[in-house]
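# A closer look at the structure
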Amino acid sequence: MATAEFQVTGMSCGHCETAVREEVGLLEGVEDIQVSAESGRLVVTAIEPLEDAAVLAAVEEAGYSAVRV
Ligand SMILES: [Cu+2]
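Within any chain, residue numbers begin from 1 and follow the written order of that chain's sequence. Restriction of local features to residues with pLDDT of at least 70 applies here, the model being predicted, together with a cutoff of 80 or more for giving and counting side-chain atom pairs; totals for whole chains, interfaces and linings are based on all residues. In computing side-chain properties, one takes all heavy atoms of the structure into account and sets aside hydrogens as well as water.

Quick look at helix α2 (residues 52-62) now. Buried residues of α2: Val-55, Ala-58, Val-59 and Ala-62, and no others. Taken around the axis of α2, the buried residues stretch over an arc of 100 degrees, which confines them to a single face. Turned more than 90 degrees from where α2 packs its buried face, Ala-53, Glu-60 and Glu-61 sit exposed. Every helix listed is a DSSP run of H or I at least four residues long, and every strand listed is a run of E at least two residues long, numbered separately from the N terminus. Gly-63 sits one or two residues past α2 and shows a positive phi near 110 degrees. Each residue's exposure class comes from its accessible area (1.4 Å probe, protein chains only) as a fraction of the maximum for that residue type: buried when under 20%, exposed when over 50%, partly exposed otherwise. Directions pointing from the helix axis toward each C-beta atom define the arc.

A few words on the environment of Ala-19. Within the element layout of this structure, Ala-19 appears in helix α1 (residues 14-25). Judged by relative accessible area, Ala-19 falls into the partly exposed class, the value being 22%. Spatially, the C-alpha atom of Ala-19 lies 8.5 Å from that of Val-59, the residues being 40 residues apart in sequence. Apart from the residues lying within four places of it in its own chain, the contact partners of Ala-19 are Ala-62 and Tyr-64. The contact criterion used is simple: two residues touch if any of their non-hydrogen atoms lie within 4.5 Å.

Strand pairing within a sheet occurs via backbone hydrogen bonds; the two strands may be parallel or antiparallel. Strand order across the open sheet formed by 4 strands is β2-β3-β1-β4, with antiparallel pairing between neighbours. If you trace the sheet from one side to the other, it starts and ends with β2 (30-35) and β4 (65-68), each paired once. Across the sheet, the mean angle separating the axes of adjacent strands is 25 degrees when strand polarity is ignored. Sheet topology places β2 next to strand β3 (residues 41-46); 5 bridges connect them, and they run antiparallel. Following the sheet pairing, Asp-32 is matched in β3 by Thr-45. In the packing of α1 onto the sheet, contacts are made with β2 and β3, and the angle to β2 comes to roughly 160 degrees. All axes are obtained by fitting lines to C-alpha atoms, using only the stretch in contact for helices, and the reported angles, taken between N-to-C directions, cover 0 to 180 degrees. Where α2 meets the sheet, it contacts β1 (2-9), β3 and β4, and its direction lies at approximately 160 degrees from that of β4. Strand pairing is assigned whenever DSSP detects at least two bridges linking the two strands.

Okay, here's the thing in structure tokens:
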């Protein structure tokens, strides 16, 4: 398992969390997603290491921006 942590900008509520979770969950190999609108923290666990760019693109698809931390 590989875990990667991101800081997301722009989430404000549970709907935002759900939007991020849904988009990131579409990425192949993703096993677990922890996302908090309050802290902006996104932790993605996948079977194999994900490309940062793929996760960032998924977050952007949901309507937010993120950086790897
Ligand atoms: Cu929201």
